Amino acid sequence: YKVPKYQPLKWETCRGIGNSFGFNRNENASNVLSAQGLLETLVRVSANNGNLLIGIGPQADGTVPAVQQEPLLALGRWLAVNGLAVYGTRPFLGAGH
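Quick summary incoming for the structure in this document. Being a predicted model, the structure only gives us computed values, none of them experimental. (Residues numbered from 1 in each chain as written. Predicted model: local features only at pLDDT ≥ 70, side-chain atom pairs only at ≥ 80, totals over all residues. Heavy atoms only, no water.)

1. So, helix α1 (residues 35-47)
Across its 13 residues, α1 extends 18 Å between first and last C-alpha, which sits within 8% of the 18 Å expected from 1.5 Å per residue. Those residues of α1 not exposed but buried are Gly37, Leu38, Leu39, Thr41, Leu42, Val45 and Ser46. Looking at the buried side of α1, the elements it contacts are β1 (11-16), β2 (50-55) and α2 (66-82). Asn49 sits one or two positions beyond α1 and adopts a positive phi of about 75°. (Helix = DSSP H or I, 4+ residues; strand = E, 2+ residues; numbered from the N terminus. Expected span 1.5 Å × (residues − 1). Buried < 20%, exposed > 50% of the residue type's maximum accessible area, 1.4 Å probe, protein only. Contact = heavy atoms within 4.5 Å.)

Right under this line is the structure:
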């Protein structure tokens, strides 16, 4: 996933945790963004003045498949420790700015 370079105005990107924006019974772990990939995407988007909207695909009964839960829960654990590094920050414009 390619993140745009810094934008002077706030922007938002939307990406699915998997390849679909709805439940897809054919998706497995190889189709879902890893915890590391999700974290790297969040950091790149935030550093470039953006917001990240993560689309998930719940099943018909409303439950989120475990394969989608894993990276989201890992991101939540990371944010519990490091959230201040993301929430309310300003974009990184380079050294000396």
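Right, picking up where we left off after that structure.
2. Looking at the pairing of β1
Here is the key point about a regular strand: its side chains alternate between the two faces of the sheet. Alignment of β1 against β2, held across six bridges, turns out to be parallel. What sits directly across from Glu12, in β2, is Asn51. In this region the chain leaves β1, passes through α1 and returns to the parallel neighbour β2; the handedness of that crossover is right-handed. (Pairing = 2+ DSSP bridges. Right-handed = clockwise from strand over helix to strand, strands pointing away.)

3. Looking at unusual backbone geometry
You will see that Asn49, though not glycine, has its phi angle at about 75°, which is positive. Along the chain, Asn49 turns up in the loop between α1 and β2.

4. Some words on α2
Compared with an ideal rise of 1.5 Å per residue, which puts 17 residues at 24 Å, α2 spans 24 Å between its outermost C-alpha atoms and is within 8% of the ideal. What α2 keeps buried is the set Gln68, Pro71, Leu75 and Leu79. Axial view of α2: buried residues confined to an arc of 80°, hence all on one face. Across from the buried face of α2, at angles greater than 90 degrees, the exposed residues are Glu70, Arg77, Ala80 and Val81. (Arc of directions from axis to C-beta.)

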